[in-house]
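Read off the chains here:
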Amino acid sequence: MQHLTRKNDKRQVIYKPASCLRLIFFVLLLSLSASLVADPIYISGDDAITDLQLVSVKPPPDIFKSSFPNEDNPLNWYRLDIELSPYSTHDWLLVFRQVPHKKLDVFIPVNNGYQLKKMGIDGSLSGIAPNAMKLKLKPGENKTWYIRHDPVALNQLNPELWPSLSYYEALSEQQTAISSIQTLLIVALIFIFTLTLRNRTPALYLLISHMLAANMMILMWEGEVFRAVSWLGDPGHWLILMTAMVLVTGITSYRTLALLPIYNPKTDRLILSLNTFGIALTIYAITLESIASETTIKLAAYALLASFALVVLATAYCLYNGIRPAKMAFPSALTMLILLSWSWYTEAWPRSLPTYPELILLSFHAVLLPLFYWYGHQQNLHHAMSINAIAPASRKRRIFETALREHLQNPDSPLSDNDLIQKVLATFEEVLPGVPAMVLRHQQDEWHFSLGETTDYTKTANNLAQQLPDIEDDLLSVISSGTETKINFKDRFGTIYWVFPLSIDAENKILMVLAPSRHHRNATTWQTASDISNHACTLFQANRQSLFWQQQANLDPLTGLLNRRAFCQEAESIIQTSLGNNTTQPCCALFMDIDNFKQLNDQQGHNTGDQILKMTALICRKSLRHQDLLGRYGGEEFVALLPNTEPWQAFRVAERMRSAIASEHAKNNKWPNSLPTTVSIGVSALSRDVDSLSKILEEADRAMYRAKQKGKNRTSISTSLTDVRLPAT
C-alpha cells in the first residue's frame with residue numbers, strides 16, 4: 001500500500017495513459033490531413049470544372065531529388081491530383097486563362113518522373129491553344145501534377161478542366177466573335193479617319209483613341225502578343241490598364257458627344273476628376289505587391305462607375321431640358337452602365353481582368369460609338385438646313401417669312417456689323433416676342449453685348465456676363481468647330497441659353513443668344529430660332545463678301561491706293577467735317593505729279609513706268625499719317641488730303657515726301673541716259689473762299705503746274721495762302 005501511494009509512483013501511473021492518447025490523436029490528425037491532400041479531383045461527364053482547389057505545397061522532392069531550390073525563391077508551388085472516371089469517353093484539358101502569366105510551369109507525370117511544360121510568356125506558340133494542355137490519363141487512372149507559378153497581385157491562378165471537344169467548340173465560337181468585332185472596329189476606324197480628314201474635332205480624335213484602346217484590349221486578352229513580344233511587367237497588369245483606358249475614353253466620348261462641357265460645366269469637371277482618379281488608382285494598384293491592390297482596384301472600378309453614372313445623369317438632365325444631342329447619348333450610356341454594373345456585381349471579387357462577356361460588351365460598344373457620332377452629325381446637318389420643317393400653314397411660318405422680307409433683306413449696299421446685328425435682333429423681336437434675344441461679340445479677348453432697340457433685356461445680359469469667365473474656354477472651343485454648331489447650357493441662376501454662331505473669324509466672333517422661358521422651350525421655337533440664325537449667318541457672309549468686293553472696287557489695282565472715285569467720296573466727308581457749323585478746321589491738299597514720266601515710260605517701257613508708280617505710291621504712304629487720305633488721281637498724278645493740318649505743316653510734309661522720292665529713285669536708277677525721276681507738288685488749304693473739295697484740288701493743281709514751270713522737283717504753294725510761316729516759292 002505504501003508503495004502504491006507514493007507520490008512519484010502515482011505520477012507515473014497517470015502520465016503513461018496521457019502520452020498514448022496524444023500519440024493516437026496526432027496519428028489520426030496526420031492521416032486525416034493526408035487524406036484531405038491526397039483526395040483527387042474526380043472528372044467525368046461532359047461539363048467543365050471551373051473551380052479547382054489547388055493545394056499549396058513545398059517544392060516536391062520527387063522533382064528535385066538532388067538539391068532543393070533556394071528558400072527565398074518567390075515562386076509558389078501547387079499540387080493537383082486528378083482521377084479520370086473509368087467510364088469517361090473524353091480527352092480532358094487543363095486550361096489556364098488566355099492572358100499568359102509571367103511565369104507558369106506545369107510538371108507532367110511521365111514514366112515515374114516529371115516533364116516540364118512552360119505555359120507562361122516564355123511558352124510555345126504552337127498548338128491550337130497555347131494556354132491549354134492535354135491530360136494524359138487513362139480511364140480510372142489517378143495522377144499528380146505540380147504547378148509552379150510566379151504570384152502577382154490581381155492575377156490569380158484559376159485553372160479549369162475541360163473536355164477537349166467542348167473546349168475547342170467554345171474556343172472556335174469565341175475566336176469567330178472576336179474576329180468579327182475586330183473587323184467592325186477596323187471598319188469604324190477607317191470611317192472615323194475619313195471624317196477626320198474633313199472635320200477635325202476633339203470628338204473625332206477621342207473616338208479614334210477609344211477604338212484603338214479597344215483593339216489593344218482585344219489583342220492583349222487573346223494573349224499571343226505577350227508571347228511574341230517581350231514585355232516589362234506582368235501581362236495581366238497591361239490588360240487591366242488598357243481596360244481602364246477603354247472605359248475612360250468611352251466615358252469622355254459621351255461627355256464630348258453630348259456637349260456636357262457647355263451644358264453642365266461643373267458636372268463635367270467632376271466627371272473628368274473621377275476619370276483621372278480611376279486611372280491613377282488603377283496604375284497604383286498594378287504597382288502594389290500586396291493584397292491591398294485588390295481594394296485599390298475595387299476603388300478604381302467604383303470611381304469609373306460613378307463617373308459613368310454622372311454622365312448618364314447629366315445627359316438625362318439635358319434631355320429633360322430639350323437639348324437635342326442628349327437624345328442619342330442618353331439611352332446608349334444608360335444601357336452600357338446597367339450592363340457593366342450587373343456584370344461587375346454578379347462576378348465574384350476580388351477580380352481584375354475583364355471576362356469574355358465584358359470584353360465583347362466593351363468592344364461592341366466601341367463599334368457603336370462612331371455610329372452614334374455619325375447619326376448626331378447627320379442630325380446637325382439636317383437641323384441646320386431644316387427651314388422647310390415648319391408647315392407652310394403655320395402662323396409662325398407666315399410671320400417668319402414676312403419678317404425675313406422686312407428685316408433680313410440683303411441691302412443694296414453693305415452694312416456695318418453693328419447695323420446688321422440690329423437687323424437680326426429686330427427680326428427675333430418680331431418673330432419670337434417675349435424671348436430675350438441678344439448678340440454676343442468676342443473681339444480682342446473681350447466680350448461685348450448688343451441688345452435690341454425696342455425691348456430691354458439688360459438683366460438677362462448681365463446674368464450671362466457673370467457666367468462667361470467660367471465657360472469662356474469651353475464655349476470658344478465648341479463654336480470654333482463651325483457655324484452650324486448649336487449650343488445650349490444652363491447657368492447657376494437656372495436660366496437656359498440657346499447660342500447660335502452667326503459669324504466666326506479668328507479675331508471676331510458673333511453669337512446670337514436667346515434665353516427662352518420654360519413655356520418657350522419647345523421644338524417649334526427652337527426650329528424657328530435655328531432658321532433665323534441660319535439665314536442671318538448667310539447674310540453676314542454675303543455682307544462680308546460685299547464689303548470685300550466694294551473695297552476691291554475702290555482700290556487702284558497697280559498701286560493699291562484709293563482710286564479717284566473712292567478718294568473723292570472719302571474726301572468729301574472729311575471736307576464736310578472740317579468745315580463744321582461755326583469754325584473751319586485746318587485741312588490741306590497735296591497734288592503730286594511725277595516729272596519726266598512720259599519720256600521715261602516711252603524710253604524704258606510700261607513695265608518700268610509701273611515700277612516707278614508703285615515705288616512712288618509706297619513712299620507717299622510711308623510719309624503720311626494713318627488719318628491722312630491718299631489716292632491715285634490718274635496717270636502719274638497722286639493726291640493727298642491732310643485733315644487737322646496747317647499749311648506750313650503740309651508744306652513740310654510735301655518737302656519730306658519730295659526729297660524721299662528723289663533720293664529713292666536716284667539710288668535705284670537702273671536706266672542710263674534718262675532724266676532723273678522726281679515729283680512736283682502743289683499745296684492748298686481750306687479757307688473762306690476755298691470751301692469745297694473741287695476748289696481745294698483745283699488750287700493744289702495750279703500750284704503744282706507753277707512748280708513744273710519753275711524747273712520741276714519742287715513744292716509750290718497756292719497763291720491764296722498768306723501764312724507768314726510759309727516760305728516764299
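Residues numbered from 1 in each chain as written. Predicted model: local features only at pLDDT ≥ 70, side-chain atom pairs only at ≥ 80, totals over all residues. Heavy atoms only, no water.

(A) Here's a closer look at the overall build of the protein chain. A count of helical and extended segments in the protein chain gives 19 helices and 19 strands. When the 729 residues of the protein chain are sorted by exposure, 47% land in the buried category. In the protein chain, the proportion of contacts linking residues at least 24 apart, taken out of those at least 6 apart, comes to 71%. For the protein chain, the computed accessible surface area is about 38000 Å², with 56% contributed by carbon and sulfur atoms. (Helix = DSSP H or I, 4+ residues; strand = E, 2+ residues; numbered from the N terminus. Buried < 20%, exposed > 50% of the residue type's maximum accessible area, 1.4 Å probe, protein only. Contact = heavy atoms within 4.5 Å. Areas by Shrake-Rupley, 256 points an atom, 1.4 Å probe, with all protein chains shown as cover.)

(B) Structural context of the pairing of strand E8 (residues 142–149). Extensive coverage of E8 is indicated by the burial of 7 of its 8 residues. Summarising the sheet, strand E3 (residues 76–84) and E8 pair through 8 bridges and their orientation is antiparallel. Bridge pairing links Asn 76 to His 149 in E8. As paired strands, strand E5 (residues 104–110) and E8 are joined by 4 bridges and run antiparallel to one another. Counterpart to Val 106 in the pairing with E8 is Ile 147. (Pairing = 2+ DSSP bridges.)

(C) Molecular detail of the pattern of salt bridges. A full pass over the atoms with the stated rule returns 16 salt bridges. The residue Lys 103 makes a salt bridge to Asp 122 at a minimum N-O spacing of 3.7 Å. One end of the pair, Lys 103, is in the loop between strand E4 (92–95) and E5; the other, Asp 122, is in the loop between strand E6 (113–118) and strand E7 (132–134), and 19 residues separate them in sequence. With a closest N to O distance of 2.3 Å, Asp 268 and Arg 255 form a salt bridge. Within this pair, whereas Asp 268 is found in helix H7 (residues 265–287), its partner Arg 255 is found in helix H5 (residues 235–257), the two being separated by 13 residues in sequence. Assigned by exposure class, Asp 268 and Arg 255 land together as buried. Counted as one network, the salt bridges with shared partners bring together Lys 103, Asp 105, Lys 118, Asp 122 and Arg 148. (Salt bridge = Lys/Arg side-chain N within 4 Å of Asp/Glu carboxyl O.)

(D) Structural context of helix H16 (residues 597–604). Inspection of H16 places Phe 597, Leu 600 and Asn 601 among the buried residues, and these make up the whole buried set. The arc that holds every buried residue of H16, seen down its axis, measures 100°, which confines them to one face. Facing away from the buried surface of H16 by more than 90 degrees, the exposed residues are Lys 598 and Asp 602. Check the buried side of H16 and you find it contacts strand E15 (587–594) and helix H17 (606–623). At the exit of H16 stands Gly 605, carrying a positive phi of roughly 105°. (Arc of directions from axis to C-beta.)

(E) Representation of the nonpolar core in the model. Within the largest apolar cluster, 63 residues are counted, with the highest numbers of intra-cluster contacts made by Leu 185, Ile 192, Met 217, Leu 239, Tyr 254, Phe 308 and Tyr 373. When contributions to this core are tallied by element, the ones reaching two or more residues are helix H2 (164–198), helix H3 (202–222), H5, H7, helix H8 (292–320), helix H9 (326–346) and helix H10 (356–384). By size, the runner-up hydrophobic cluster in this structure holds 30 residues, among which are Leu 561, Cys 620, Leu 624 and Ala 654. (Core = buried A, V, L, I, M, F, W, Y, C linked by side-chain atoms within 4.5 Å.)

(F) Structural context of the sheet that holds E15. Ordered by their spatial adjacency, 5 strands build an open sheet running E16-E17-E15-E18-E19, and the pairing between neighbours is mixed. For this open sheet the edge positions go to strand E16 (629–634) and strand E19 (715–717), each flanked by a neighbour on one side alone. When the angles between neighbouring strand axes are averaged without regard to direction, this sheet yields 20°. Bridging between E15 and strand E17 (residues 637–643) involves 7 bridges; their strand directions are antiparallel. Its bridge partner lying in E17, Cys 588 is registered against Leu 642. (Axes fitted to C-alpha atoms, helices over the stretch in contact; angles between N-to-C directions.)

(G) Broad picture of the packing of H5 against H7. For the pair H5 and H7, the least separation of the axes is 10 Å and the interaxial angle reads 175°. Regarding the angle of H5 to H7, the classification is roughly antiparallel. Note on element contacts: H7 touches H5 through Asp 268, Ile 271, Leu 272, Asn 275, Ile 279, Thr 282, Ile 283 and Ile 286, opposite His 237, Ile 240, Leu 241, Ala 244, Met 245, Val 248, Ile 251, Thr 252 and Arg 255. Of the residues belonging to the contact of H5 with H7, the class tally is 11 nonpolar, 4 polar and 2 charged. (Parallel < 35°, antiparallel > 145°, perpendicular 65-115°, else oblique. Nonpolar A, V, L, I, M, F, W, Y, C, P; charged D, E, K, R; others polar.)

(H) Inspection of the packing of aromatic side chains at higher detail. If you walk through the whole model with that rule in mind, you get 10 aromatic pairs. Above the face of the Tyr 633 ring, Arg 564 is positioned so that its terminal group lies 3.9 Å from the ring centre. (Phe/Tyr/Trp six-rings, centres within 6.5 Å; stacked < 30°, edge-to-face > 60°. Lys NZ or Arg CZ within 6 Å of the ring centre and 35° of its normal.)

(I) Quick look at the sheet that holds E4. What the 3 strands build is an open sheet, ordered E7-E4-E9; its pairing is antiparallel. Both outer strands of the open sheet, E7 and strand E9 (160–163), are each paired with one neighbouring strand and no more. Ignoring which end each strand starts from, the neighbouring axes of this sheet average 30° apart. When E4 meets E9, the two strands line up antiparallel, connected through 4 bridges. Note that in E9 the partner of Val 95 across the bridge is Glu 160.

(J) Inspection of the packing of H3 against H5 at higher detail. Viewed as axis vectors pointing N to C, H3 and H5 meet at an angle of 155°, and their least axial separation amounts to 9 Å. As the angle between them shows, H3 and H5 are arranged roughly antiparallel. Between H3 and H5 lies a crossing of left-handed hand. Facing Ala 203, Leu 206, Leu 207, His 210, Ala 213, Ala 214, Met 216, Met 217, Met 220 and Trp 221 of H3, the residues of H5 in contact are Trp 238, Leu 239, Met 242, Thr 243, Val 246, Thr 249, Gly 250, Thr 252, Ser 253, Thr 256 and Leu 257. Looking at the contact of H3 with H5 residue by residue, the classes come out as 14 nonpolar, 7 polar and no charged. (Left-handed = near helix turned anticlockwise from the far one by under 90°.)

Remember that the coordinates give geometry; whether it matters functionally is a separate question.
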